[in-house]
Amino acid sequence: MLGDFDADGDLDVLSGSYPGELYLFRRNADGSFADGETLKDRDGNAIKADKASTVFLADWDADGDLDMVLGSIRGDVYLVINEGAAKAPEFGKPVKLDLDLAGSNSGPIVADWDGDGLADLLVGLSDGSAHWLRNVGTAEKPKFASSETLVEKSGFGFRFEDRKPGQWGARVKLCATDFNGDGRLDLLLGDRSGDVVEPEMTDEQRQAYDKAKQQMAELMKQRAEASAKLIKLQRESRNAEKPATDEDRQRAKERASELQELVKGLQKLNTEYAACSQKLREFGPQKVRHGFVWFFQRKPKAE
């Protein structure tokens, strides 16, 4: 998202990540952006609540500085309070909010959806739905009512080829803005969908592809067997007592040699596996991801 992270008058970029860390790209004086830096809490630890994180800046407790609201792969929403100042942010630990919300891959944003002067939560989820949680508390201490569905789930998941006309995708992320200038907040919804594309292949390429598939299956079997032997031998080595006889020392020497050979064999198998994987990616079905932005216009209130 775009936001003035350090109150210097310039809009910076904040991003979550699949591993969960958060990144800040500060705006330079010439309008470009600096390299990403990992956001850390006041103790110097990377701020991370869960995987597939999203981040949104908002003055959660109305104290004049920006806090962070995070989404996660499990569908939880976390609050990270700015314990510093607007121009010198210092963040605490992520705290999970107790919300009436069920789903995964949450993407929360903060907006005054009902125009009562209090910041509400709007959350997109993996099934394509968007939800409104009304702030029934105060500006300083938000409290949220049960979620109300603003946009129904999409119903088709990730397979783009199954999408019907006008049907949005999954893992939706939201933006609340007066898109058409009528004085009411609308929703912009970004989605993700995809399909599997079977490339056209010559007979020669098809034969090479089928051969690579068979080779891959055999390599996977060999790697599993070699890994099992290696683990067993390593366990024996750890549990073996200190050699006391010539026979014990001979066995330890044989075990060390066998371990060395197993490691070399696994390295060779891994190299062959990587080459085979590359060949399959070159000729095989490809996953193609699509992303679209949808406009949901706010309906006027019934008189």
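Everything numeric here is computed off the predicted structure, so don't read it as measured data. (Residues numbered from 1 in each chain as written. Predicted model: local features only at pLDDT ≥ 70, side-chain atom pairs only at ≥ 80, totals over all residues. Heavy atoms only, no water.)

Draft legend 1. Representation of the sheet that holds strand 7 (residues 77-80) in the model. Spatial ordering of the open sheet is given by 5-6-7-8, a layout of four strands whose pairing is antiparallel. This sheet does not close on itself; its edge strands, each paired only once, are strand 5 (54-58) and strand 8 (95-96). Across two bridges, the pairing between strand 7 and strand 8 is antiparallel. Looking across to strand 8, one finds that Leu-79 is bridged to Val-95. (Pairing = 2+ DSSP bridges. Helix = DSSP H or I, 4+ residues; strand = E, 2+ residues; numbered from the N terminus.)

Draft legend 2. Broad picture of helix 1 (residues 203-239). In this model helix 1 runs 54 Å from its N-terminal to its C-terminal C-alpha over 37 residues, within 8% of the 54 Å that 1.5 Å per residue would give. Among the residues of helix 1, those classed as buried are Tyr-209, Ala-212, Met-216, Leu-219, Ala-226, Leu-230 and Leu-233. Elements in contact with the buried residues of helix 1: helix 2 (246-283). (Expected span 1.5 Å × (residues − 1). Buried < 20%, exposed > 50% of the residue type's maximum accessible area, 1.4 Å probe, protein only. Contact = heavy atoms within 4.5 Å.)

Draft legend 3. Structural view of the layout of surface pockets. The volume enclosed by the largest pocket comes to roughly 420 Å³. Lining the largest pocket are 15 residues, with Trp-113, Leu-185, Gln-297, Arg-298 and Lys-299 sitting closest to its centre. The residue inventory of the lining of the largest pocket, partitioned by class, reads six nonpolar, three polar and six charged. Considering only enclosed or pocket space, the second largest pocket measures out at about 270 Å³ in volume. Of all the secondary structure elements, the ones that give two or more residues to the lining of the second largest pocket are strand 2 (12-15), strand 5, strand 9 (107-111) and strand 13 (170-177). The element best represented in the lining of the second largest pocket is strand 9, accounting for five residues. The residue inventory of the lining of the second largest pocket, partitioned by class, reads 11 nonpolar, four polar and one charged. (1 Å grid on protein atoms, 1.4 Å probe; cavity = no way out; pocket = protein on both sides within 12 Å on 5 of 7 lines; lining within 4 Å. Points joined across faces, edges and corners; volume = space filled by probe spheres on them. Nonpolar A, V, L, I, M, F, W, Y, C, P; charged D, E, K, R; others polar.)

Draft legend 4. Highlighting the packing of helix 1 against helix 2. The contact between helix 1 and helix 2 brings their axes to 8 Å, and the two run at 155°. Our classification of the angle between helix 1 and helix 2 gives roughly antiparallel. Helix 2 is crossed by helix 1, and the crossing has left-handed handedness. Grouping the amino acids of the contact of helix 1 with helix 2 by side-chain chemistry returns 18 nonpolar, eight polar and nine charged. (Axes fitted to C-alpha atoms, helices over the stretch in contact; angles between N-to-C directions. Parallel < 35°, antiparallel > 145°, perpendicular 65-115°, else oblique. Left-handed = near helix turned anticlockwise from the far one by under 90°.)

Draft legend 5. Highlighting the pattern of salt bridges. Considering all chains together, one arrives at 13 salt bridges under this definition. For Asp-41, the salt bridge identified is with Lys-93, shortest N-O distance 2.5 Å. Of the two residues, Asp-41 is situated in the loop between strand 4 (37-38) and strand 5 and Lys-93 in the loop between strand 7 and strand 8; the sequence distance between them amounts to 52 residues. Exposure remark for Asp-41: the relative accessible area of 9% places this residue in the buried category. The class for Lys-93 is partly exposed, based on a relative accessible area of 43%. Of the charged contacts in the structure, one is a salt bridge between Glu-83 and Arg-42, with a shortest N-O distance of 2.8 Å. Of this pair, Glu-83 sits in the loop between strand 7 and strand 8 while Arg-42 is found in the loop between strand 4 and strand 5, placing the two residues 41 residues apart along the sequence. By relative accessible area, which is 43% here, Glu-83 ends up partly exposed. Each of the salt bridges in this network shares a partner with another, and the network as a whole consists of Asp-6, Arg-26 and Glu-37. (Salt bridge = Lys/Arg side-chain N within 4 Å of Asp/Glu carboxyl O.)

Draft legend 6. Spatial organisation of empty space enclosed by the protein. Taken as a whole and judged by the stated rule, the model has one cavity of 30 Å³ or more. Size it by volume and the largest cavity reaches roughly 40 Å³. Surrounding the largest cavity, Trp-60, Val-110, Ala-119, Asp-120, Leu-121, Pro-142 and Phe-144 form its lining. Residues belonging to the lining of the largest cavity are distributed by class as follows: six nonpolar, no polar and one charged.

Draft legend 7. Summary view of the pairing of strand 9. Counting buried positions along strand 9 gives five out of five residues, so the element sits mostly inside the fold. Both faces of strand 9 are covered, namely the face carrying Gly-107, Ile-109 and Ala-111 and the face carrying Pro-108 and Val-110. Two elements, strand 9 and strand 10 (residues 120-124), share five bridges in a ladder whose sense is antiparallel. Of the residues in strand 10, the one forming a bridge with Val-110 is Leu-121.

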